[in-house]
Amino acid sequence: MQFDDAEQQHEAAALGMWAFLATEILFFGGVLTGFVIYRHRYLEAFAEGGKELWPWIGTANTAVLLLSSFAMAMAVHEAETQGRRKHIARYLLLTALLGATFICVKAVEYTIDWHEGLIPSLNWHPEHLSHPDQTQMFFFFYFFLTILHAIHMTAGIGVILIVAWQTRRPDFSSEKKTTVEMLGLYWHFVDVVWIFLFPLLYLTA
Amino acid sequence: MIAPHSIFSLAQAASTTGVQVDYIFYLLLAFSGTVVLVIMFLVLFFVAKYHRGTSANRKSEAPISSRLEVFIVTVFTVIGLTLFVLAAKVYADIARPPKDAMTIWVVGKQWMWKASYPDHREEINELHVPVGQPVKLVMTSMDVIHSFFIPDFRVKQDVLPSRYTTLWFTATKPGKYRLRCSQYCGNDHAGMVGWVTVLSQADYQQWLAAAPEGAAAIAGTPGTNGALMATKLRTTFNQLGCIACHTPTSSVRAPRLDGIFNQTVRLQNGQNTTADEEYLRESILFPNAKISAGYVQPSLMPAYKGQITDQQLHELVDFIKSIRDGWPADATQPTEPSGNQPLQSEPKR
Amino acid sequence: MSENIVQPELPLQRLNYINHDWSVWSWINSRDHKRIGVMYLLTITFLFFLGSLPAILIRLELLTPAPNLVTREIYNRLFTMHGVTMVFFFLVPSIPTSLGNFLLPMMIGARDLAFPRMNLASYYLFLAGAILALVSLVNGGVDTGWTFYTPYSTTFSNSAMTPMILGIFVAGFSSIFTGLNFIVTVHTMRCPGMYWSRLPLFVWSMYATSLILVLATPVLAITLLLVAAEHWFQVGIFDPKLGGDPLLYQHLFWFYSHPAVYIMILPSMGVISELVTTFSRKHVFGYTFIAFSSIAIAVLGFLVWGHHMFVSGQSMYAGMVFSVLSFLVAVPSAIKVFNWTMTLHKGSLVLKTPLLYALGFIGLFTIGGLTGLFLAALAVDVHVHDTYFVIAHFHYIMVGGTMMAYLGGVHYWWPKITGRMYPEGWGVFSAVLVFFGFNLTFFPQFILGYMGMVRRVADYDPQFQVLNVLSTAGASILGVGFLLPLCYLLWSLRYEPIAGDNPWGATGLEWKSPSPPPELNFETPPTVDGPAYDYDTETIHQEGKKKHV
């Protein structure tokens, strides 16, 4: 109603999503700045913390997330070219599935960390660490960053499922194709955030 | 004796740098006042001349006004930057204590100040200093951030936990001056106040002489007795095991401490730093924080965090300052390590 | 949708955004930017008066040197509540969410913002944030100061911190979405002929403000989350005893909070541009300079945060960099003041309430801005940091600046928003009261600060009492000056004459629409074929010679 035509709406949606992603960069950037500063200051303690994580799980999860971005790209491509609703839906569901896999794997990792007593303040048993306070800070940042990331992924998965549901309607119009595109932008961004988090957290040691 | 706090005390900074601060303030005041008056005059003048109904000439202005604007803005910017430079120069003075400053340790905690003098006398919420002598306060907090503020000296410095910050001044007039905490620190922040008493040289000698028995001071501080305190500091140095590595005759390779105070130190990572109180404090508590160039990483020196009291830390730093001109003659004979070895591990080659 | 209305006799019986549906649901579920703007206006007015209550108690307490009206503990909660409410729940949203929401689409010839549902969500997020902060207040409130410095706020504060922090966090998202909405709207929804170079200066300032809203607020949000996490889990992010750095908190906090003050002043500068041109009846002097100075302020504003930390323990060299940049950020503001003043030159000035507020703004903002130079000067800031000098400085800008512009704007656009005029005599009287009351309240505080009276204290040394009493006297006058508009503006809704579409004879697309506007803003979609403020100077020249129009 507020737009003159579909082109204007598309332009607005794209600019809006990019502006939103800019805010997310600042949002994650703030806490990453803190993390990088402390990592520089307490390299040894943070490396010790990094050793407690399992890099092969992290690598596998990274692959899962990259695959999900690929699936999402296929969905967007389908929306922009042939527009076959069934195909869009399938790619979206695949994306959601891979995303959910990522989150399940993280849940498994968190469970392992709990059993090893590496949860700051709640279940923290640092007997084997040489700089417990500083390594606790590492784990705080680890959980804070990955949980923040997981929340963003969960929200994304939710919207993906909703849009996938909406493809069942025959009036899944060009408007909605814009939605798939914007969703794609968002999902790729969440992926990129992980590409930053993974080496900083898992590959320090 | 209390310094007057009327409006006219604005003109009476009682410290050397304070007078310079006032000078910058008055320059700023002159500049700002002129601008404000000009703007207000213009506004009122235009309101009078151009309000609806007057017969003033309203034909549109010549395009030269744009150039006028650029000119005015440029002048404004140049004046502003000049003021910046002047203020920055005074600030550089304020930020760098003179080398011959007398050091007083200050600890702030909710909601009081404690000062420790070179002769180890302590005062709560009071500071006694001689006139005309640079005084440096090395300060830390035991809990939250405080701030040490002496309005009449125009000096202020935040006081942080787990870190030393420094403030210095040279008082120019005897008198009693207000001291306040100026960083909100909790319930009784408003009550965290005290007095700085500046004494003439003669009065200051009297005050020192009236000190409790057994008090002595670091060699080199004017008007004090060196030997007793020097022994006390050396004892702490020995008891905490520093003597095992940090003397000229030690078999372990460790950075020299004689002559190191306030010198430039080259670090492992290629950067330089100054060996001030904060550097010494950090290196004692966290030896790996700033490893000197040419020494192994991680450092072989055990970390003293959690192993020593603040008082012992002060004494170690004072000792290192006292040997800035070289070790005393009998340095190679360790005096009574007394078996106190609160170390996590023996230093090895 | 309103094609079939019969033209009634009284203008207010035309269908407009207010009367087309009187149900409560239609208001609280409205996507109409005008209705949302009005809801914001009501909410922030309430929050303004709420934030004034602790200020009243503070000024009453400061009549005497000892804490004998309230205890120190209560005083500490009072100034915290005053700061938090005024900064986060009044000043930051004020002009953008009320006047900005209402006017921005109209000024560019659009039917609404780009994302109306997001706009409504913004409002409810703001409301939720305010409610959470009220919950904190009801639980006794927080005493950390609005700056929440660590480790005090993380390790030593009480449990009312949680709802307070969460409230500001949630309200922050309201800011972000509003800013995002504005940016996209200005980029994509300008009507035909509305080039960037023809935008009203109010729109330029809203755009610059939105850039800051979008980029700075997320940093505050994440900082608050970290503070909350430290408060709950004591993990050492900002606590030095566990290896954390309290200066990291300060850097993160001020990285937002300095640009935030530009969020608070830029919109008001936009309002002043509109008032000065309309009531001078001529085009603005140096349109391009004013437009770009808004952007310059937004950009430079991100580079100066360290000037809040000159004595914090940050390095001397960092201090010098921040100091020189802080001097430079004053330049665009100086350009604006010069240009507004020169707009008056050869105009045909109508001394109505909005212009009085604008002139007051020019004087008071100039003083406030120049005292910012005192604070930017390193050596002087060492002395006046954390004293009443700083308090006077920011109140000159926030109250003498933003509030005056806000009141001026509300009066100016009142006929457009409500369809009614306001009583001019009362408007003038209140403006004068505010101006004098304000100066009496805050000028003495500059002197108090230089003499050494520190901030955030319920007790002070006896020699400061005279100036404090003067300040409190001024505050009572100022209070009356603020209450009067509340009364007579409400009164005007019923009893004042109905306004025409363009009672001021102003340019700008919003004045080409009926007062109050219809739901979709314009009866026919507008096009633009000339620059902004295209006053006919020949007519003005003739008009100026007449005593009465």
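Caption draft 1: Quick look at empty space enclosed by the protein. Residue and element names in this part refer to chain C. Counted under the stated rule, the structure contains 11 cavities of 30 Å³ or more. If you add up the space inside the largest cavity, you get close to 140 Å³. In terms of lining, the largest cavity is formed by 17 residues, of which the most central are Phe 88, Val 92, Pro 93, Ala 171 and Ser 175. For the lining of the largest cavity, the elements supplying multiple residues, two or more each, are helix H4 (94-107), helix H7 (161-188) and helix H8 (201-233). Per element, the largest residue contribution to the lining of the largest cavity is six residues, and it comes from H7. Looking at the lining of the largest cavity residue by residue, the class counts come to 11 nonpolar, six polar and no charged. Approximately 110 Å³ is the volume attributed to the second largest cavity.

Caption draft 2: Focus on the pattern of salt bridges. All names here are of chain B. Evaluated as defined, the whole model comprises 15 salt bridges over all chains. The residue Lys 321 makes a salt bridge to Glu 277 at a minimum N-O spacing of 2.9 Å. One end of the pair, Lys 321, is in helix H6 (residues 310-322); the other, Glu 277, is in helix H5 (residues 277-285), with 44 residues separating them in the sequence. The same class applies to Lys 321 and to Glu 277, which are both buried.

Caption draft 3: Seen up close, the interface of chain B and chain C. Taken residue by residue, the interface counts 79 residues in chain B and 88 residues in chain C. Both faces combined, the contact of chain B with chain C buries some 7600 Å², and carbon together with sulfur accounts for 68% of it. The interface formed by chain B and chain C includes two salt bridges. Salt-bridge contacts for Asp461(C) lead to Arg178(B); the nearest nitrogen and oxygen are separated by 2.9 Å.

Caption draft 4: Molecular detail of the environment of His146(B). Residues and elements named next belong to chain B. Mapped onto the elements, His 146 comes out in strand E6 (residues 146-150). The sequence separation of His 146 and Val 193 amounts to 47 residues, and the corresponding C-alpha distance is 12 Å. Looking at His 146, its side chain comes within polar contact range of the side chain of Asp 143, at 2.9 Å.

Caption draft 5: Summary view of the interface of chain C and chain A. Facing 39 residues of chain C, the contacting portion of chain A comprises 33 residues. Together chain C and chain A conceal approximately 2900 Å² of surface at their shared face, both sides included; 73% is due to carbon and sulfur atoms. Per-residue buried area on chain C facing chain A is highest for Arg111(C), Ile222(C) and Val235(C); these three make up 19% of the total on that side. The tally of links between chain C and chain A comes to two salt bridges. One salt bridge connects Asp4(A) with Arg111(C), and the closest N-O pair in it is separated by 3.1 Å. The tally of links from chain C across to chain A stands at nine residue pairs in polar contact (both at pLDDT 80 or more). Secondary structure elements with two or more residues in the side of chain C that touches chain A: H7, H8 and helix H9 (246-280) of chain C. Looking at the side of chain C that touches chain A element by element, the count peaks at 10 residues for H8(C).

Caption draft 6: Just the domain arrangement of chain B, in detail. Split by domain assignment, chain B resolves into domain 1 (5-50 + 65-95), domain 2 (102-209) and domain 3 (226-331). A separation of 47 Å is found between the C-alpha centroids of domain 1 of chain B and domain 3 of chain B.

Caption draft 7: Spatial organisation of the sheet that holds strand E1 (residues 102-109) of chain B. All names here are of chain B. Ordered in space as E3-E2-E1-E5-E8, the five strands form an open sheet in which the pairing is mixed. Each edge of the sheet is formed by a strand with only one pairing partner; in this case those strands are strand E3 (122-124) and strand E8 (165-170). In this sheet, neighbouring strand axes are inclined to one another by 25° on average, regardless of whether the strands run parallel or antiparallel. Bridge count between E1 and strand E5 (residues 134-141): seven bridges; the pairing is parallel. Pairing of Thr 103 across the sheet is with Lys 136, part of E5.

Criteria and thresholds
- Residues numbered from 1 in each chain as written.
- Chains lettered and ligands numbered in written order.
- Predicted model: local features only at pLDDT ≥ 70, side-chain atom pairs only at ≥ 80, totals over all residues.
- Heavy atoms only, no water.
- 1 Å grid on protein atoms, 1.4 Å probe; cavity = no way out; pocket = protein on both sides within 12 Å on 5 of 7 lines; lining within 4 Å.
- Points joined across faces, edges and corners; volume = space filled by probe spheres on them.
- Helix = DSSP H or I, 4+ residues; strand = E, 2+ residues; numbered from the N terminus.
- Nonpolar A, V, L, I, M, F, W, Y, C, P; charged D, E, K, R; others polar.
- Salt bridge = Lys/Arg side-chain N within 4 Å of Asp/Glu carboxyl O.
- Buried < 20%, exposed > 50% of the residue type's maximum accessible area, 1.4 Å probe, protein only.
- Contact = heavy atoms within 4.5 Å.
- Buried area = accessible area lost by both parts, 1.4 Å probe.
- Polar contact = N/O pair within 3.5 Å; in protein donor to acceptor, adjacent residues only side chain to side chain.
- Domains from an automatic or database assignment.
- Pairing = 2+ DSSP bridges.
- Axes fitted to C-alpha atoms, helices over the stretch in contact; angles between N-to-C directions.

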